[in-house]
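Chain and residue survey
Each chain, written out:
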Amino acid sequence: QVQLVESGGDLVQPGGSLRLSCASSGIILSFYDMGWYRQAPGKQRELVAFITTGDRTNYHDSVKGRFTISRDNAKNTVYLQMTSLKPEDTAVYYCHATVRVGIKESIDYWGQGTQVTVSS
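Residues numbered from 1 in each chain as written. Predicted model: local features only at pLDDT ≥ 70, side-chain atom pairs only at ≥ 80, totals over all residues. Heavy atoms only, no water.

**Quick look at the sheet that holds strand β8 (residues 77-82)**
With antiparallel pairing, the four strands of this open sheet are ordered in space as β1-β3-β8-β7. Each of the sheet's edge strands pairs with one partner strand only, and the pair in question is β1 (3-7) and β7 (67-72). Averaged over all pairs of adjacent strands, the angle between strand axes in this sheet comes to 15°, irrespective of strand direction. For β7 and β8, the ladder comprises six bridges, and the chain directions are antiparallel. Its bridge partner being in β8, Ser70 is matched across the sheet by Tyr79. (Pairing = 2+ DSSP bridges. Helix = DSSP H or I, 4+ residues; strand = E, 2+ residues; numbered from the N terminus. Axes fitted to C-alpha atoms, helices over the stretch in contact; angles between N-to-C directions.)

**Some details on the pairing of strand β3 (residues 18-25)**
In terms of strand pairing, β1 meets β3 through five bridges, oriented antiparallel. Across the sheet, residue Val5 finds its bridge partner in β3, namely Ala23. Pairing geometry for β3 and β8, over six bridges, is antiparallel. In the strand pairing of β8, Cys22 is matched with Val78.

**Digging into unusual backbone geometry**
Phi is positive for Asp55, which is not a glycine, with a value near 70°. Along the chain, Asp55 falls in the loop between β5 (46-51) and β6 (57-59). At Ser84, a position not held by glycine, the phi torsion is positive, near 45°. The topology assignment puts Ser84 in the loop between β8 and β9 (91-100). For Ser84, a relative accessible area of 40% gives the class partly exposed. (Buried < 20%, exposed > 50% of the residue type's maximum accessible area, 1.4 Å probe, protein only.)

**Considerations on the pairing of β9**
Successive residues of a regular strand alternate their side chains across the two faces of the sheet. In terms of burial, β9 is largely enclosed, as eight of its 10 residues are buried. Pairing of strand β4 (residues 33-39) with β9, which is carried by seven bridges, proceeds in the antiparallel orientation. By the bridge assignment for β9, Gly35 is matched with His96. Strand direction decides the pairing type here: β9 and strand β11 (residues 114-118), joined by three bridges, are antiparallel.

**Examining the pattern of salt bridges**
Within the structure shown, the criterion is met by four salt bridges. For Arg38, the salt bridge is made with Asp89, and the minimal N-O distance between the two is 3.0 Å. Of this pair, Arg38 sits in strand β4 while Asp89 is found in the loop between β8 and β9, placing the two residues 51 residues apart along the sequence. We classify Arg38 as buried; its relative accessible area is 6%. Owing to a relative accessible area of 1%, Asp89 belongs among the buried residues under this scheme. For Asp61, the salt bridge goes to Lys64, with nearest N and O atoms at 3.0 Å. For Asp61, a relative accessible area of 61% puts it in the exposed group. By sharing partners, the salt bridges in this structure join Arg38, Glu46, Arg66 and Asp89 into a single network. (Salt bridge = Lys/Arg side-chain N within 4 Å of Asp/Glu carboxyl O.)

Below you can see the structure in the form of structure tokens.
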């Protein structure tokens, strides 16, 4: 059974920092591209940060320079270090794992989400 379990969400003041973790089980993490998504109330889920199996990263423009995604395949864990947090970063953050299995096919897994609230 595949599981992605996020942790680290919390209430933090503007300008603060948090580190989210996504612990995986049931998959070989090194085979998967990994992403962090977020969804704020009334808004669509959006990709925040992405890291490939080769450690290439990509970020949403709104978090560039503030967020850092990383992975530790030996620990089957992906991280999202968030700094200089803003109220608009408030959302449920989801971990996502994906691997391509065909030209147009992929296997995808999602975590249950962790709440990040940025407020004074």
